[in-house]
Amino acid sequence: MAERPDACALVTGASRGIGAATAKSLARDGWPVAVNYRSDADGAAAVVAEIEASGGRAVALGADVASPEAADELLTGAESHFGVPVLALVNNAGIAADNLISMLGDEEWQRVIDTNLTGAFRLTRRALKSMLRARFGRIVNISSVVGLRANPGQANYAAAKAGLIAMTKTVTVEVARRGITANAVAPGWIDTDMTADVESELLSHVPARRAGTPEEVAACVSFLASDAAAYVNGAVLAVDGGLAA
Ligand code: NDP
């Protein structure tokens, strides 16, 4: 593993699930990785320990991405720990609070938008400072198949995830000429805590007839963060077993 000497990565919501797999994958690619969590400090510490045991470098940073201070805390925390700028940002932290729209409360709406969309906006705005200076950057936003295709009971989640795609494309056209790429990944049904309660009969709607793994999403994020993806801008990469096809 060749370590990137001049940059580190920040993955939000990396104490478990897709974020944890992504942090490990980026560490294998040579990125020192800041592993953000909201409440699961033990989970984040286990991710850090696994990365370090494989010869990588990582630090756990607690912050709620929905809070206005989180972007500055996380970027400053990562940059002061590793001594290099955050040049790969993965906006992965996300929650769902499902309800049919006629019963969806203002609080459920706002909490999902604040976490899944506004948090990514503030982190992107803050991370771009270093990326513009470095004339290099990789931003990967974890959207969802639900940002592309309707799912009853998820108006708040869908609005946030579709908003992430639109934001990704806007960021791309603003900063592509500075060597910065922004792309979205749209996972389908991935086997994590978030989908633990989903009825397994629904898998019959997935052309691949199985759930995906966090590692299958992480592999796509690793590609989008790599030098090989330098000309991939504003793409939405579906990782969904064909669900959105
Ligand atoms: P999990 O529920 O397994 O994990 C969520 C992660 O996000 C945890 O690490 C959690 O931290 C963190 N998190 C939640 N809220 C915050 C917050 N406010 N600030 C910081 N961290 C937070 O989710 P998945 O791994 O399944 O999902 C990851 C992303 O992928 C989400 O954006 C989700 O919407 C998206 N996605 C998932 C799909 C799936 O099928 N699983 C499908 C499509 C998209 P902690 O444990 O510390 O609370």
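Provided above is the structure to which this section pertains.
Colleague: Could you give an account of the pairing of strand β2 (residues 33–37), with specific residues and numbers?
Modeller: A regular strand carries its side chains on alternate faces of the sheet. Burial of β2 is extensive: 5 of the 5 residues sit out of reach of the surface. Burial of β2 is two-sided: the residues Val33, Val35 and Tyr37 facing one way and the residues Ala34 and Asn36 facing the other way are all buried. In the sheet, strand β1 (residues 8–11) pairs with β2 via 3 bridges, with the strands oriented parallel. By the bridge assignment for β2, Leu10 is matched with Ala34. The handedness of the β1 to β2 crossover, carried by helix α1 (residues 17–28), is right-handed. Pairing of β2 with strand β3 (residues 58–62), which is carried by 5 bridges, proceeds in the parallel orientation. Across the sheet, Tyr37 pairs through a bridge with Gly62, a residue of β3. With helix α2 (residues 41–53) bridging β2 and the parallel β3, this β-α-β connection has right-handed handedness.

Colleague: Kindly report on the site of the ligand, identifying the contributing residues and their values.
Modeller: Among the 32 residues in the neighbourhood of the ligand, the closest are listed as Ser15, Asp40, Asn92, Tyr157 and Thr192. Contact between the ligand and Gly13: an oxygen atom at 3.2 Å from a main-chain N or O atom of the residue. Protein chains shield 97% of the accessible area of the ligand, which is 900 Å² for the free molecule. Residue classes in the shell around the ligand are distributed as 13 nonpolar, 13 polar and 6 charged.

Colleague: How would you summarise the pairing of strand β5 (residues 137–142) if you had to cite specific residues and measurements?
Modeller: Taking burial as the measure, the 6 residues of β5 include 6 buried ones, the bulk of the element. By the alternation rule, side chains of β5 split into Gly137, Ile139 and Asn141 and Arg138, Val140 and Ile142, which are all buried. Relative to β5, strand β4 (residues 86–91) runs parallel, the two sharing 4 bridges. Bridge pairing in β5 links Leu89 to Ile139. Tracing the backbone out of β4, into helix α4 (residues 106–134) and back to the parallel element β5 gives a crossover that is right-handed. Where β5 meets strand β6 (residues 180–187), 6 bridges bridge the pair, whose relative direction is parallel. If you follow Val140 over to β6, its bridge partner there is Asn183.

The rules behind the values
Residues numbered from 1 in each chain as written. Predicted model: local features only at pLDDT ≥ 70, side-chain atom pairs only at ≥ 80, totals over all residues. Heavy atoms only, no water. Buried < 20%, exposed > 50% of the residue type's maximum accessible area, 1.4 Å probe, protein only. Helix = DSSP H or I, 4+ residues; strand = E, 2+ residues; numbered from the N terminus. Pairing = 2+ DSSP bridges. Right-handed = clockwise from strand over helix to strand, strands pointing away. Near = heavy atom within 4 Å. Polar contact = N/O pair within 3.5 Å; in protein donor to acceptor, adjacent residues only side chain to side chain. Areas by Shrake-Rupley, 256 points an atom, 1.4 Å probe, with all protein chains shown as cover. Nonpolar A, V, L, I, M, F, W, Y, C, P; charged D, E, K, R; others polar.

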